[in-house]
Amino acid sequence: EQRRQWREVLARHHYLGAPGLVGAHLKYLVYSAGGDLLAAMGWQSAVERLDCRDRLVGVDGQPALRTQFLAHAVNHVRFLILPWVKVRHLASAVLAESLEYLQRDWQRHYGAPVWLAESFVDRTRFSGACYRAANWVALGWTRGYAKQQGQFIYHGQPKEIYVYVIEKRIRQLLKQDPAQPLLTRGF
């Protein structure tokens with residue numbers, strides 16, 4: 001019932017509709033303390049290649065390291081606050097709190113801790129303010145392609161890339177080198 005409701009809510013109210021999530025993914029419905037549905041969100045495995053993220057993590061040009069990293073990265077593929085819900089700062093609060101649930105649930109379902117979360121924001125529609133308020137960092141822009149049926153199709157709408165680094169030691173863990181820099185905001 002909840003899967004059906006998640007799909008219906010996104011199909012009806014999200015500008016991109018309800019995605020067909022494949023591979024590792026988690027779907028959430030967010031309720032108020034009084035039981036009212038406020039939001040829906042979905043997470044899935046991170047995109048395979050993302051230049052600015054791969055440079056940040058230190059896996060650009062290193063396919064084996066990228067594969068190892070991708071087991072610990074997730075993409076915030078859908079985020080919807082229902083149109084009639086008008087609560088100041090709700091989006092950033094839900095986004096920040098969802099990371100705690102994501103870390104716990106991803107580990108439980110897929111056996112891997114989450115080190116980094118990513119999301120793409122269409123700046124022609126949204127400002128990205130809720131991500132910035134939840135301490136995500138704008139990292140760069142996509143090139144305007146989307147993967148459809150195993151191919152990359154140019155749609156011409158670059159999206160702003162936001163990341164939230166959960167595990168600051170990503171580079172140290174991947175390269176097994178304690179001298180690698182921590183991925184802190186300053187880095």
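Now for a quick tour of the structure. Just so you know, these numbers come straight off a predicted model, no measurement behind them.

A contiguous nonpolar surface patch, about 280 Å² in accessible area, is contributed by Tyr-15, Leu-16 and Phe-126. Secondary-structure assignment places Leu-16 in the loop between α1 (2-13) and β1 (25-31).

This brings us to the environment of Phe-120. With respect to the helices, strands and loops of the structure, Phe-120 is situated in strand β4 (residues 116-121). You can call Phe-120 partly exposed: its relative accessible area is 27%. Residues Phe-120 and Tyr-110, ten residues apart in the sequence, show an inter-C-alpha distance of 23 Å. Look past the residues within four positions of Phe-120 in its chain and what remains in contact with it is Val-47, Leu-50, Asn-75, Thr-142, Lys-159, Glu-160 and Ile-161.

Let us now look at the sheet that holds strand β2 (residues 37-45). Strand order in the open sheet formed by six strands is β1-β2-β3-β4-β8-β5, and the pairing between neighbours is mixed. Edge positions in the sheet fall to β1 and β5 (137-141), since each of these pairs with one other strand and no more. Each strand of the sheet is rotated relative to its neighbour by a mean of 30°, with strand direction disregarded. Looking at chain direction, β5 and strand β8 (residues 160-165) are connected through four bridges and run antiparallel. Bridge pairing in β8 links Gly-140 to Ile-161. Here helix α4 (residues 90-110) sits on the sheet and contacts β1, β2, β3 (73-81), β4 and β8; the angle it forms with β1, its principal contact strand, is near 140°.

Attention now goes to the side chain of Glu-167. Position of Glu-167 relative to the elements: it lies in the loop between β8 and α6 (170-175). Owing to a relative accessible area of 17%, Glu-167 belongs among the buried residues under this scheme. Those residues in contact with Glu-167 that sit more than four places away from it in its chain are Trp-115 and Leu-173.

Attention now goes to the nonpolar core. One recurring pattern in soluble globular proteins is that nonpolar side chains are buried together. Counting 34 residues, the largest nonpolar core has Trp-43, Val-74, Leu-102, Trp-106, Tyr-131 and Trp-136 as its most contacted members. Elements that contribute at least two residues to this core include exactly α1, β1, β2, β3, α4 and β4. Listed in part, the 18 residues of the second largest apolar core include Leu-50, Leu-56, Val-59 and Val-165.

The rules behind the values
Residues numbered from 1 in each chain as written. Predicted model: local features only at pLDDT ≥ 70, side-chain atom pairs only at ≥ 80, totals over all residues. Heavy atoms only, no water. Patch = residues over 30% accessible without salt bridge, like charges linked within 9 Å, V, L, I, M, F, W, Y side chains within 5 Å. Areas by Shrake-Rupley, 256 points an atom, 1.4 Å probe, with all protein chains shown as cover. Salt bridge = Lys/Arg side-chain N within 4 Å of Asp/Glu carboxyl O. Helix = DSSP H or I, 4+ residues; strand = E, 2+ residues; numbered from the N terminus. Buried < 20%, exposed > 50% of the residue type's maximum accessible area, 1.4 Å probe, protein only. Contact = heavy atoms within 4.5 Å. Pairing = 2+ DSSP bridges. Axes fitted to C-alpha atoms, helices over the stretch in contact; angles between N-to-C directions. Core = buried A, V, L, I, M, F, W, Y, C linked by side-chain atoms within 4.5 Å.

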